[in-house]
Amino acid sequence: MTIRPGRTACLACLLEVADAPAGVEETCDTIGVLAPIVQLISSLESAEALKLLAGKEDALHGRLVSADVWSGRFQSVEISRNPGCRCCARREFSYLDGEAQPHVTMCGRDSVQIHERSRSLDLPALGARLASAVESVRHNEFLLRFRVPPYEMTVFADGRAILKGSTDPAVARSLYARFIGA
């Protein structure tokens, strides 16, 4: 989808769904991505960029193109701007302001803690989604624990997490985004 500020839906219009339970959306690591999709999508986007550079804006398709290279299915959907979008309508840029990134602290003993603000996770749904992508998923009503060797992550219902096996905040943020979501 070619995003044109002020003219088309933005990424927040497309991805952010009000009242969606956190932690249940799929990620590339939990459902898998076949490598050829990268070349396919980059080719489509390059063609759109060439249309813009050539001044042929009327040739832009203006739709979200979805492709499943495994099944060979393609889909094209028109995405409308969300009039209440926090990004393109209200001009709130939480990612640029640094507010969307979880705060991370060193937890000691080869661990990093991620302090996610006001996030409520559905731990059973998250556990079910992660079961095929990670090792040793265990949970109760308060926490979910799983392994991605050499790391172990404990995620709490309020969105906080502790990554054991690293003292690098970038590794902790990356694994959190990869398996829990941004």
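Residues numbered from 1 in each chain as written. Predicted model: local features only at pLDDT ≥ 70, side-chain atom pairs only at ≥ 80, totals over all residues. Heavy atoms only, no water.

Caption draft 1: Main features of the overall build of the protein chain. Tallying secondary structure elements over the protein chain gives five helices and eight strands in all. What you see in the protein chain, going N to C, is helices and strands ordered as α-α-α-β-β-β-β-α-β-β-β-β-α. Counting all 182 residues of the protein chain, 27% fall into the buried class. Summed over its atoms, the accessible surface of the protein chain is roughly 11,300 Å², and 55% of this surface lies on carbon and sulfur atoms. (Helix = DSSP H or I, 4+ residues; strand = E, 2+ residues; numbered from the N terminus. Buried < 20%, exposed > 50% of the residue type's maximum accessible area, 1.4 Å probe, protein only. Areas by Shrake-Rupley, 256 points an atom, 1.4 Å probe, with all protein chains shown as cover.)

Caption draft 2: Examining the nonpolar core more closely. One finds Leu-126, Leu-130, Phe-146, Met-153, Val-155, Phe-179 and Ile-180 to be the most contacted residues of the largest nonpolar core, which totals 19 residues. Every element with two or more residues in this core is listed here: strand E4 (111-115), helix H4 (123-130), strand E6 (143-148), strand E7 (151-156), strand E8 (161-164) and helix H5 (169-179). The dominant element in this core, judged by the number of residues it contributes, is H5, at four residues. One finds Ala-9, Cys-85, Cys-87 and Cys-88 within the second-largest nonpolar core, a separate group that totals seven residues. (Core = buried A, V, L, I, M, F, W, Y, C linked by side-chain atoms within 4.5 Å.)

Caption draft 3: A look at the packing of aromatic side chains. Scanning the model with the defined rule gives one aromatic pair in all. With centroids separated by 5.9 Å and ring planes inclined at 65°, the aromatic side chains of Phe-146 and Phe-179 adopt a geometry described as edge-to-face. Residue Phe-146 is found in strand E6, and its partner Phe-179 is found in helix H5; the two are separated by 33 residues along the sequence. Across the pair, Phe-179 and Phe-146 agree in class, each one buried. The ring of Phe-156 carries Arg-160 above its face, with NZ or CZ at 4.5 Å from the centroid. (Phe/Tyr/Trp six-rings, centres within 6.5 Å; stacked < 30°, edge-to-face > 60°. Lys NZ or Arg CZ within 6 Å of the ring centre and 35° of its normal.)

Caption draft 4: Broad picture of the side chain of Arg-129. Among the secondary structure elements, Arg-129 is positioned in helix H4. Residue Arg-129 is classed as buried on the basis of its relative accessible area, which comes to 8%. In terms of polar contacts, Arg-129 uses its side chain to reach the backbone carbonyl oxygen of Phe-179, at 2.9 Å. (Polar contact = N/O pair within 3.5 Å; in protein donor to acceptor, adjacent residues only side chain to side chain.)

It is worth stressing that arrangement in space is one thing and function is another; only the former is reported here.
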